[in-house]
Amino acid sequence: NGNTMNTPEHRYIGNLDRPNEAEIKRQGLLVEQIVADSLNTSEQFKSRLSTREEDSGVRDIGSRSTVDVVLYGKDDRPVLGIQVTSALDKKIQQRKMQELKDRPFIRLPEMQPRDHAIPKALVFLERDESNSPETSLKVLNGIILSLKFDLSQTKNPQEIAAVQELLAKLEQEKKRYVH
């Protein structure tokens, strides 16, 4: 066997070099919590981490369209689904952007049939981010950028109005951090 890359030693070294799945998951949850916490400082919104069902991309939301954080308006109704990624791998980032492009609007299991679909946003954060005004600004900018994309993807008057209203509130929210 001329394949020297498949020796037990190479497999062992490969396993040592491979990122620890549990550690990646833990870091991902920390970054998701930072996004939720930064949005919970607002008087206009409240947020929560997703349920296991929402995070796994169940059929109601749309195949493989996962959500990590859900944002609610003052009326306690969901207004935005947020996917958070701290992945540095360009392929993973591109896949997440493609998911947003494929499903810019989603429905959550808690929504009523009369509720219109809510926009989805993608937020990229570094794994070493912390709760800070700078991080909150990054979160808001990421959401605003995604919402502008979502707006270009719909012709539904209800969705357009909801996104425009949300954009206005988020732009107002940004003013707390930009002086």
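This text follows the structure it describes.
Because the structure is predicted, anything quoted here is derived from the model rather than measured. Here the residue index of a chain counts from 1 through its sequence in written order. For this predicted model, a pLDDT threshold of at least 70 governs which residues receive local features, and a threshold of 80 or more governs which side-chain atom pairs are given and counted, while totals over whole chains, interfaces and linings are taken from all residues. Side-chain measures here rest on the full set of heavy atoms in the structure, leaving out hydrogens and waters.

Things to note about the pattern of salt bridges
- In what follows, salt bridge is the name for a side-chain nitrogen of Lys or Arg lying within 4 Å of a carboxyl oxygen of Asp or Glu. Applying the stated criterion across every chain, the model contains seven salt bridges.
- The partner of Glu165 in a salt bridge is Lys169, and the shortest N-O contact between them spans 3.1 Å. Residue Glu165 and its partner Lys169 are both found in helix α6 (residues 157-174); the two are separated by four residues, about one turn of the helix.
- Residue class for Glu165 comes out partly exposed when judged on its relative accessible area of 46%. The way it works is that DSSP assigns letters per residue, a run of H or I at least four long becomes a helix, a run of E at least two long becomes a strand, and they are numbered from the N terminus. For the exposure calls, accessible area comes from a 1.4 Å probe over protein chains only, and a residue counts as buried if that area is under 20% of its type's maximum, exposed if over 50%, partly exposed in between.

Examining the nonpolar core
- Counting residues in hydrophobic clusters, the biggest one holds 26 residues, and the most contacted among them are Val35, Leu39, Leu80, Ile82, Ile143, Leu147 and Leu170.
- Those elements that place two or more of their residues in this core are α2 (21-39), β2 (69-72), β3 (78-85), β5 (118-124), α5 (133-152) and α6.
- Contacts are assigned to residue pairs that have any heavy atoms within 4.5 Å of one another. If near-sequence neighbours (up to four positions away) are discounted, Ile143 is found in contact with Leu39, Leu80, Ile82, Ala121, Val123 and Leu170. By nonpolar core we mean a set of buried residues, namely Ala, Val, Leu, Ile, Met, Phe, Trp, Tyr and Cys, connected to one another through side-chain atoms within 4.5 Å.

With respect to the sheet that holds strand β4 (residues 105-106)
- With mixed pairing, the five strands of this open sheet are ordered in space as β1-β2-β3-β5-β4. Of all the strands in the sheet, the pair left with one neighbour each is β1 (46-49) and β4.
- When β3 meets β5, the two strands line up parallel, connected through five bridges. Each residue of the ladder has a partner; that of Gly81, found in β5, is Lys120.
- In the packing of α5 onto the sheet, contacts are made with β3, β4 and β5, and the angle to β5 comes to roughly 135°. If DSSP finds at least two bridges between two strands, the strands pair. Whenever a helix is involved, its axis is fitted only over the stretch in contact; in every case the axis is a line through C-alpha atoms, and angles between N-to-C directions fall within 0 to 180 degrees.

Looking at the pairing of β3
- Counting buried residues in β3 gives seven out of eight residues, a clear majority hidden from the surface.
- Pairing analysis gives four bridges linking β2 to β3, with the strands arranged antiparallel. Across the sheet, residue Leu71 finds its bridge partner in β3, namely Leu80.
- Where β2 hands over to β3, the hairpin turn is made up of five residues, of which Asp76 adopts a positive phi near 60°.

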